[in-house]
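# Notes for the structure review
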Amino acid sequence: MSNAAKYHQARQRRHRRVRKSVVGTSDRPRLNVFRSLRHIYAQVIDDSVGCTLVSASSLDKEVRGQCEGLEKSEAAKIVGRVVAERALASGVTKVVFDRGGYQYHGRVKALAEAARKGGLEF
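Definitions and cut-offs
Each chain carries its own residue numbering, running from 1 in the direction its sequence is written. Only residues with pLDDT of 70 or above have their local features reported here, since the model is predicted, and side-chain atom pairs are shown and tallied only from 80 upward, although totals for entire chains, interfaces and linings are computed over all residues. Water and hydrogen atoms play no part in the side-chain values, which are based on all heavy atoms of the structure. Whenever Lys or Arg places a side-chain nitrogen within 4 Å of a carboxyl oxygen from Asp or Glu, that contact is recorded as a salt bridge. Elements are defined by DSSP. Helices are runs of H or I of four residues or more, strands are runs of E of two residues or more, and each kind is numbered from the N terminus. Accessibility here uses a 1.4 Å probe with only protein chains present; expressed as a share of the type maximum, an area under 20% marks a residue as buried, one over 50% as exposed, and anything in between as partly exposed. A pair of Phe, Tyr and Trp rings is counted when the ring centres sit within 6.5 Å of each other, with Trp represented by its six-membered ring. The angle between the planes then sorts it: under 30 degrees is stacked, over 60 is edge-to-face, the rest tilted. Think of a nonpolar core as a cluster: buried Ala, Val, Leu, Ile, Met, Phe, Trp, Tyr and Cys residues, connected wherever their side-chain atoms sit within 4.5 Å. Contacts: residue pairs with any heavy atoms within 4.5 Å of one another. Between any two strands, pairing holds if DSSP finds at least two bridges. Angles shown run from 0 to 180 degrees and are taken between the N-to-C directions of axes, each axis being a line fitted to C-alpha atoms and, for helices, limited to the stretch in contact. Handedness of a helix crossing follows the sense of rotation of the near helix relative to the far helix, less than a right angle counterclockwise being left-handed and clockwise being right-handed.

## Thoughts on the pattern of salt bridges
As enumerated under the stated definition, the model contains seven salt bridges in all. Aspartate 47 is the salt-bridge partner of arginine 19, the closest N and O atoms lying 3.6 Å from each other. Pair noted here: arginine 19 is in helix α1 (residues 3–19) and aspartate 47 is in the loop between β2 (40–46) and β3 (51–57), with a separation of 28 residues, a long-range link. Classification of aspartate 47 by relative accessible area gives partly exposed; the value is 24%. Salt-bridge contacts for aspartate 60 lead to arginine 86; the nearest nitrogen and oxygen are separated by 3.0 Å.

## Side note on the packing of aromatic side chains
Considering all chains together, one arrives at three aromatic pairs under this definition. For the pair phenylalanine 97 and phenylalanine 122, a centre-to-centre distance of 5.3 Å together with 15 degrees between the ring planes defines the contact as stacked. Taken as a pair, phenylalanine 97 in strand β4 (residues 96–98) and phenylalanine 122 in the segment after α4 (107–117) lie far apart in primary sequence, 25 residues in all.

## Quick notes on the nonpolar core
In this structure, Leu31, Val44, Val79, Val83, Leu111 and Leu120 are the most contacted members of the largest nonpolar core, which totals 27 residues. When contributions to this core are tallied by element, the ones reaching two or more residues are β1 (30–35), β2, β3, α2 (61–67), α3 (72–89) and α4. The element best represented in this core is α3, accounting for eight residues. The residues contacting valine 79, other than those within four sequence positions of it, are Ile40, Ala42, Ala56, Ser57, Ser58, Val63 and Leu111.

## Brief notes about the sheet that holds β4
Read across the sheet, four strands follow the order β3-β2-β1-β4 without closing on themselves; strand pairing throughout is mixed. Single-partner strands in this sheet number two, and they are β3 and β4. With direction set aside, neighbouring strand axes in the sheet form an average angle of 20 degrees. Bridge count for β1 against β2 is six bridges, and the pairing is antiparallel. Note on β2: the bridge partner recorded for arginine 35 is isoleucine 40. Sheet strands in contact with α1 are β1 and β4, and its direction is about 175 degrees off that of β1. Taken strand by strand, α4 contacts β1, β2 and β4, and its axis lies near 145 degrees from that of β1.

## Observations concerning the packing of α3 against α4
Interaxial distance between α3 and α4 falls to 7 Å at its minimum, and their mutual angle equals 35 degrees. When you trace α3 past α4, the crossing you get is right-handed. Between α3, through Lys72, Ser73, Ala76, Lys77, Val79, Gly80, Arg81 and Ala84, and α4, the contact on the second element is made entirely by Arg107, Ala110, Leu111, Ala114 and Ala115.

Set out below in structure tokens:
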């Protein structure tokens, strides 16, 4: 088994363990983060209904133009700000942060801080 596969399995184990306690409700939906090697994705999810309320990623047309030529952590800040704007526009102010099994460091931290600065409470 390659190191990448081992890392992926370990992240999935961490994510399952964290998800036992982190649950999004209609009052406080879950802000989920997924990080690939090149891009970052964020979704605000209501787990009681099982639907995504808002989402943003570095691949969105609105965000892609702003992210060109920037470092990945800077792109994560833009995605965090955009997901916060979209969540506030849909009436969501408080969320539960789900780091997705990733370390709270680098791009994940940048996205979370930008979302807080954008007006989300968690």
